[in-house]
Amino acid sequence: MVHIRVLYIDDQGLVDEVVQCLSDTGGFHVDVSLSSADALLKLQESRYDAIISEHVLPDTDGIGILKNIRSLGDPVPFIFFTATDGQDTVIEALNAGADFYLRKEADSLTQLGCLVDTVHRLVAEKMACCPPVPLQSELRMILDSSDDPMLFIGLDHTIIWANKVFFELIGVSPSDVIGRHCHDVVWGRDAPCAQCRIPKVIASGKSVSSEVYRPDGRYFWVTTYPVTSGEGDCIGYIKKVTDITEIKRSQVAVQQEKEKYNLLFQSANDMFYLYVLLPGGVPGRILDVNAAACRRMGYSREEFLRMLVTDIDDPGMDHYQGTLISEIGEMGHFIFEWQHVTKTGEHVPVEVSVNFFELDGAPVALSVVRDITERKEAEHALQMREREYRDLVDNINEVIFRTDVGGYFTYISPAIAKMVGGCGYAPSELIGTHFMDYIYPADRSQLQKHFLERLSGIKKRSTFRLLTKAGNERWVLESSRPIREGNEVVGLQGMFLDITHFRLMGAALKKANKKLNILSSITRHDILNQVTAMNLYLELIETDSKNPQRQRESFEAALEIMANVERIITFTRMYENLGVNEPEWQDIAAIVEREMVPVSGGLLIRNEIHRLEVYADCMLGKVFSNLMGNTVMHGGVVHGVTVSFEERAGEGRIIVADDGVGIAVDMKEEIFSKGVGENTGFGLFLSREILDLTGISIQETGVPDLGARFEILIPWGNYRFVSSV
């Protein structure tokens, strides 16, 4: 038994009765569509043996559905079962290819029986004369096998079929597309698009292609093909849609790159030369230049295009050209410095970057040429500044140095060998050694802390003692900062200055201020005491006018007081000069001869000091004359005085010893006090004050009855030995 499939299209009453009758009485398998769009969708998805349709339907009417089916050459029996009356409608339906037209009557059972018989008859006739052709299935298979979206559109712009690629493109299901107008589905419009190509296809009878841009940013190449009947009449259209978005983007990218290239080429400050490469890599004719080349070289673009690129080379560079071409050929890319000549004859130093590539299959080269006149001038100026800097560094007293983060010297200037007092080191001896090796031991802890602070960026100055090669101390003032490479600290750079002289002078000036206070005290206190005593004796002279003897005694006492005042004033005159002049290096042997011999009273002086200099106040000679005077006045029977020098416990000692009666133990320190002794008692006091200005001290270490022994203690760094020349 043949199973007949029927599609029933109707949205009006009697749908359920018709379906039941067709199923029960006719034995048909019935699918129902309530709209023309749904009907077209079912026809795309399934094959039917007969179609029964109402005339009046939403969107496309029954005659429109019939025309779409017949336009595809499908001979399926099509029966109108409609409530629509009118001869014109019947004629239009039959002309469109309807097989039967049956009007719905009040006696529905009779009409339904007729409908069942008509379907059986028409299906039988169709099967007898024409074997079934699954046209819709084949069309679907063909459409779905295409990678490009394709759809079949009726003459009224209704979408009849579409392949699955089209549905994916639009992003909707078939039920949302089939039976709707293409301008509604694709563009959401109620009327055909202004750019629609169907009118042009109708006019030309040929396929028409056009580029279409969608709001989502995609580009499509749409080709519309006319579909004709066997008689040559147009019955619909096939639209093939090709996504050309990537091609379009590539074209846009190429155009943008071309515009960028042209913008870069023409707006660059560097000179660009595009030129032909001859066999062997020899530069040939210029193909293009940019505006910068024209401005700098003085040639117009038209003039350049008639030249070889070598025409702008400095003739003096010709003998280098062969080697240069060889090197460029081996690397394919090369950067070198060259010399060009402008149209006016100016020689221009340039840096040239050459790249080889192919243009339209021919070898070419692009030279990017930079005018380095300013760079060359800057390099020359830099060389001059470096030379000046080197001269400055080599001749200034400040020592320039650099260390790594570990504290090892990486550079130190020649001034290290010329420091005041002489360090005795050559820069080559210090490079690679640790700075801490040359620091006075007591200062190392503090300086290590300062070194770490400098590395962290803390700015601070340091004052410390530097050890010379001979082992002496030199006070230096140091300032430094971190050396950075990017964000990393790689060392320190700074300078230091020998301030030993200033430090000693500063200490002396401080002590001089102290001495001035003492001088003021002496002037006020001692002289005032003498004046008080003088007033007393003057009163006695006045009251003892009747006693000549007592007046004479008072007068002689007054004269002694005046002598004391004179001695005090003489002392203050010397004392006020104490510390006025800055300390200096003094020859001890010469001082002994100059200061001690004249006041020795003929005593033998044995001078065992040679080539010794001491950094002390200018009144240092007074110390030695006072010591000699003390021996003559208080030494008793003295045969001679010995002056010698020795080093002990890190300091120097000048020893002045005699063979007289010596000094009692309880007076060894007292003798240096102000006012002790005969006359003014200022001699040894003044001597200690003179020495103290520069940190030198004096003490008496002799044995009573065996002679006096004065030791002058000189700190390390305040004495030195000089050559005999």
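Residues numbered from 1 in each chain as written. Predicted model: local features only at pLDDT ≥ 70, side-chain atom pairs only at ≥ 80, totals over all residues. Heavy atoms only, no water.

Within the protein chain, the regular secondary structure consists of 21 helices and 28 strands. A total of 725 residues make up the protein chain; the buried ones form 44% of that total. Taken as a whole, the protein chain presents about 38100 Å² of accessible surface, with 54% of it coming from carbon and sulfur. (Helix = DSSP H or I, 4+ residues; strand = E, 2+ residues; numbered from the N terminus. Buried < 20%, exposed > 50% of the residue type's maximum accessible area, 1.4 Å probe, protein only. Areas by Shrake-Rupley, 256 points an atom, 1.4 Å probe, with all protein chains shown as cover.)

Turning our attention to the side chain of arginine 454. By secondary structure assignment, the location of arginine 454 is in helix H16 (residues 444–455). At a separation of 3.2 Å, a polar atom in the side chain of arginine 454 contacts the side chain of serine 480. Beyond its immediate stretch of four places on either side in the chain, arginine 454 contacts Lys460, Arg461, Ser462, Glu478, Ser480, Pro482 and Leu492. (Polar contact = N/O pair within 3.5 Å; in protein donor to acceptor, adjacent residues only side chain to side chain. Contact = heavy atoms within 4.5 Å.)

A few words on the sheet that holds strand S20 (residues 488–498). With antiparallel pairing, five strands are arranged side by side in an open sheet as S17-S16-S20-S19-S18. The open sheet terminates on both sides in strands that have one partner only, identified here as strand S17 (409–412) and strand S18 (461–467). Going from strand to strand, the sheet's axes swing by 30° on average, the running direction of each strand aside. Lying on the sheet, H16 is in contact with strand S16 (399–404), S18, strand S19 (473–485) and S20; it crosses S18 at an angle near 135°. (Pairing = 2+ DSSP bridges. Axes fitted to C-alpha atoms, helices over the stretch in contact; angles between N-to-C directions.)

With respect to the element layout, proline 77 can be found in the loop between helix H3 (62–71) and strand S4 (78–82). Overall, the relative accessible area of 2% leaves proline 77 in the buried class. It is 9.2 Å that separates the C-alpha atoms of proline 77 and tyrosine 48, two residues lying 29 residues apart in sequence. Sequence-distant contacts of proline 77, defined by excluding residues within four places in its chain, comprise Asp49, Ala50, Ile51, Asp99, Leu122, Val123 and Lys126.

For any two helices packed against each other, one specifies the crossing angle of their axes together with the interaxial distance. Viewed as axis vectors pointing N to C, helix H19 (residues 588–596) and helix H20 (residues 620–634) meet at an angle of 50°, and their least axial separation amounts to 9 Å. In this view, H19 runs oblique relative to H20, as classed from their interaxial angle. Crossing handedness for the pair H19 and H20: right-handed. Across the interface between the two elements, Ile588, Ile591, Val592, Glu595 and Met596 of H19 pack against Leu620, Gly621, Phe624, Ser625 and Met628 of H20. (Parallel < 35°, antiparallel > 145°, perpendicular 65-115°, else oblique. Left-handed = near helix turned anticlockwise from the far one by under 90°.)

Structurally, the position occupied by glutamine 551 is in helix H18 (residues 548–576). For the pair glutamine 551 and isoleucine 541, spaced ten residues apart in the sequence, the C-alpha separation amounts to 4.9 Å.

To continue, consider the pairing of strand S15 (residues 362–371). Where strand S11 (residues 271–278) and S15 come together, six bridges link them in antiparallel fashion. Within S15, the residue paired with leucine 274 across the bridge is leucine 366. Direction of pairing for strand S14 (residues 347–359) relative to S15: antiparallel, over a ladder of ten bridges. For glutamate 358, the partnering residue across the bridge sits in S15 and is proline 363. Hairpin geometry of S14 and S15 is characterised by an intervening segment of two residues between the two adjacent antiparallel strands and by a positive phi of about 55° at aspartate 360.

With the rule as written, the count across this model stands at 14 aromatic pairs. What links up through ring pairs into an aromatic cluster is the set Phe401, Phe409, Tyr438 and Phe496. Over the ring of phenylalanine 672 we find arginine 688, and its NZ or CZ is 4.3 Å from the ring centre. Directly above the aromatic system of tryptophan 585 lies the positively charged group of arginine 720, at a separation of 4.1 Å from the ring centroid. (Phe/Tyr/Trp six-rings, centres within 6.5 Å; stacked < 30°, edge-to-face > 60°. Lys NZ or Arg CZ within 6 Å of the ring centre and 35° of its normal.)

Within the largest apolar cluster, 43 residues are counted, with the highest numbers of intra-cluster contacts made by Leu43, Ile51, Ile65, Phe80 and Ile159. Ignoring any residue separated from it by four or fewer positions in sequence, one finds isoleucine 159 in contact with Leu40, Leu151, Phe152, Val177, Ile178, Gly179, Arg180, Cys182 and Val185. In this structure, Met596, Phe624, Phe672 and Ala708 belong to the second largest nonpolar core, which totals 35 residues. (Core = buried A, V, L, I, M, F, W, Y, C linked by side-chain atoms within 4.5 Å.)

This part covers helix H10 (residues 245–267). Over its 23 residues, H10 runs 31 Å from end to end, which matches the ideal 33 Å to within 8%, given 1.5 Å per residue. Taken together, the buried positions of H10 are Thr245, Lys248 and Phe265. (Expected span 1.5 Å × (residues − 1).)

So, on to the pattern of salt bridges. This structure, assessed with the given rule, holds 27 salt bridges. Put simply, aspartate 10 and lysine 104 hold a salt bridge, and the shortest N to O gap is 2.8 Å. Of this pair, aspartate 10 sits in the loop between strand S1 (5–9) and helix H1 (15–24) while lysine 104 sits in the loop between strand S5 (100–103) and helix H5 (108–129), placing them 94 residues apart in sequence. Judged by its relative accessible area of 12%, lysine 104 falls in the buried class. Residues lysine 376 and glutamate 337 are paired through a salt bridge, measuring 2.7 Å at the closest nitrogen-oxygen approach. Of the two residues, lysine 376 is situated in helix H14 (residues 373–395) and glutamate 337 in strand S13 (residues 333–341); the sequence distance between them amounts to 39 residues. Residue class for lysine 376 comes out partly exposed when judged on its relative accessible area of 31%. (Salt bridge = Lys/Arg side-chain N within 4 Å of Asp/Glu carboxyl O.)

The next point concerns H16. The end-to-end C-alpha distance of H16 is 17 Å, a good match for the 16 Å that twelve residues give at a rise of 1.5 Å each. If you check which residues of H16 are buried, you get Leu447, His450, Phe451, Glu453, Arg454 and Leu455. Buried residues along H16 sit in contact with S16, S18, S19 and S20. Just downstream of H16, glycine 457 is the residue with a positive phi angle, here 100°.

A few words on the pairing of strand S10 (residues 234–243). Relative to S10, strand S6 (residues 150–153) runs antiparallel, the two being bridged by four bridges. Bridged to methionine 150 within S10 is lysine 240. Note: strand S9 (residues 219–228) against S10, nine bridges, orientation antiparallel. Across the sheet, residue threonine 223 finds its bridge partner in S10, namely lysine 240.

As a further point, take unusual backbone geometry. Its identity is not glycine, yet arginine 611 carries a phi of approximately 60°, on the positive side. Within the secondary structure, arginine 611 is located in the loop between strand S22 (604–607) and strand S23 (612–616). Of the residues examined, arginine 611 reaches a relative accessible area of 44% and is grouped as partly exposed. For alanine 649, which is not glycine, the phi torsion reads 55° and is therefore positive.

This brings us to the sheet that holds S14. Sheet strands pair by backbone hydrogen bonding; their relative direction is either parallel or antiparallel. Ordered in space as S12-S11-S15-S14-S13, the five strands form an open sheet in which the pairing is antiparallel. Each edge of the open sheet carries a strand with a single partner, namely strand S12 (282–289) and S13. Within this sheet the neighbouring strands show an average axis-to-axis angle of 35°, counted without direction. Examined bridge by bridge, S11 and S12 share five bridges and lie antiparallel to one another. Within S12, the residue paired with leucine 278 across the bridge is valine 282.

Taken by themselves, the reported measurements are silent on function.
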